[in-house]
Amino acid sequence: MIETGERLLLVGNDREYFVTAGEGKFSTDRGMIDLSALVGMNPGEEIRTHLEIPFTVLRPRPTDFFVHAKRSGAPMLPKDIGMVIAYTGMNRDDHVLDAGTGSGVAAIYFGSIARSVKTYEVRPEFARLAEKNIRNARLDNVEVVAADMLEATGEFDVVHLDLTITPAHVEHAFSLLSPGGYLSCYTPFLEHTFVALDAAAPLFRDVHCYECMERELTRSARGTRPSTRVGHSGYITVARK
């Protein structure tokens, strides 16, 4: 049952809105939606605007937070987050350290899979935004720490870095990992990727680097072809202790 303050997705035929259940009304070009009426409903039920336009009520998934959550910068794309999850084998037993939180989108994906996530962000204003996004995602297993990951302590199964990589970051990640654990580094430029590779090579027993090129199909009355969007976003370095 939906509670007051819960973030929800309202989906219509050609409209989609990210709202908060509770007091007030939400204005759309399809009419007004009474947000208080959402409280007590169940996902999958239908709510109508005052113009009787129907919208299906859904609980958002991580993909929806990628699209709708307030951002402090450009988050990792789902294809790259998916590579991190796939190549580290991240699972429900894992304790994950994430660094370079940003808006918290990657932490939301990781928190939906892992046992626990501790995510570090050096910029307090970014950490506050990420904490709000993570709270909206209803994840109580994700902790936001407004500090440098070089201050992190403990033992983790996966360490993920999305920041300007230095050898010190890689070395500290190695010290935090449990035996058999994985380090993943997201780097948008080759120069940063080389830093991650060169620092990881003498420490880790298995080091690989990947790039995932993605092309979405575009279909129209004229025909079907790959989208013209740029496919490259970054490099993923994965190293196993």
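- The name given to the protein chain in an unreviewed UniProt entry is SAM-dependent methyltransferase, with the source organism recorded as Methanoculleus chikugoensis.

**A few points about unusual backbone geometry**
(1) Moving on: With a phi angle near 70 degrees, glutamate 52 is a residue other than glycine that sits in the positive phi range.
(2) Moving on: By secondary structure assignment, the location of glutamate 52 is in the loop between strand 5 (46–48) and strand 6 (54–58).
(3) Moving on: Despite not being glycine, arginine 138 has its phi angle at roughly 60 degrees, a positive value.

**A few points about the UniProt feature "domain: Methyltransferase" (unreviewed entry) in the protein chain**
(1) Moving on: UniProt tags residues 92–188 as "domain: Methyltransferase" (unreviewed entry).
(2) Moving on: When the span residues 92–188 is considered, its composition is 31% helix and 32% strand, and the gap between its end C-alpha atoms is 28 Å.

**Description of the sheet that holds strand 10 (residues 156–161)**
(1) Moving on: The mixed open sheet is built from 7 strands, whose spatial order is 9-8-7-10-11-15-12. Each end of this open sheet is capped by a strand with a single partner; those strands are strand 9 (142–145) and strand 12 (206–210). With direction set aside, neighbouring strand axes in the sheet form an average angle of 15 degrees.
(2) Moving on: For strand 7 (residues 95–99) and strand 8 (residues 116–120), the ladder comprises 5 bridges, and the chain directions are parallel. The residue bridging valine 96 from the neighbouring strand is valine 117, located in strand 8.
(3) Moving on: Together, strand 11 (177–187), strand 12 and strand 15 (235–240) form the strand contacts of helix 6 (residues 190–200), whose direction differs from that of strand 15 by roughly 5 degrees.

**Focus on the packing of aromatic side chains**
Two descriptors summarise a pair of aromatic rings, namely the distance from one centre to the other and the angle between the planes of the rings.
(1) Moving on: Per the counting criterion, the structure on display carries 5 aromatic pairs.
(2) Moving on: On the basis of an interplanar angle of 55 degrees and a centroid distance of 5.6 Å, the ring pair of tyrosine 17 and phenylalanine 55 is categorised as tilted. Of this pair, tyrosine 17 sits in strand 2 (residues 16–20) while phenylalanine 55 sits in strand 6, placing them 38 residues apart in sequence.
(3) Moving on: With 5.0 Å between their ring centres and 85 degrees between their planes, phenylalanine 174 and phenylalanine 204 make a pair best called edge-to-face. On the criterion of sequence distance, the pair formed by phenylalanine 174 in helix 5 (residues 167–176) and phenylalanine 204 in the loop between helix 6 and strand 12 is long-range, its members being 30 residues apart.
(4) Moving on: Looking at phenylalanine 174, the relative accessible area reads 22%, which means it is partly exposed.
(5) Moving on: The ring of phenylalanine 66 has arginine 71 sitting right over it, with the charged end atom 4.8 Å from the ring centre.
(6) Moving on: For lysine 241, the ring lying beneath its charged end belongs to phenylalanine 174, and the centroid distance is 4.5 Å.

Criteria and cut-off values
- Residues numbered from 1 in each chain as written.
- Predicted model: local features only at pLDDT ≥ 70, side-chain atom pairs only at ≥ 80, totals over all residues.
- Heavy atoms only, no water.
- Helix = DSSP H or I, 4+ residues; strand = E, 2+ residues; numbered from the N terminus.
- UniProt positions renumbered as here; feature names shortened; annotations may be inferred.
- Pairing = 2+ DSSP bridges.
- Axes fitted to C-alpha atoms, helices over the stretch in contact; angles between N-to-C directions.
- Contact = heavy atoms within 4.5 Å.
- Phe/Tyr/Trp six-rings, centres within 6.5 Å; stacked < 30°, edge-to-face > 60°.
- Buried < 20%, exposed > 50% of the residue type's maximum accessible area, 1.4 Å probe, protein only.
- Lys NZ or Arg CZ within 6 Å of the ring centre and 35° of its normal.

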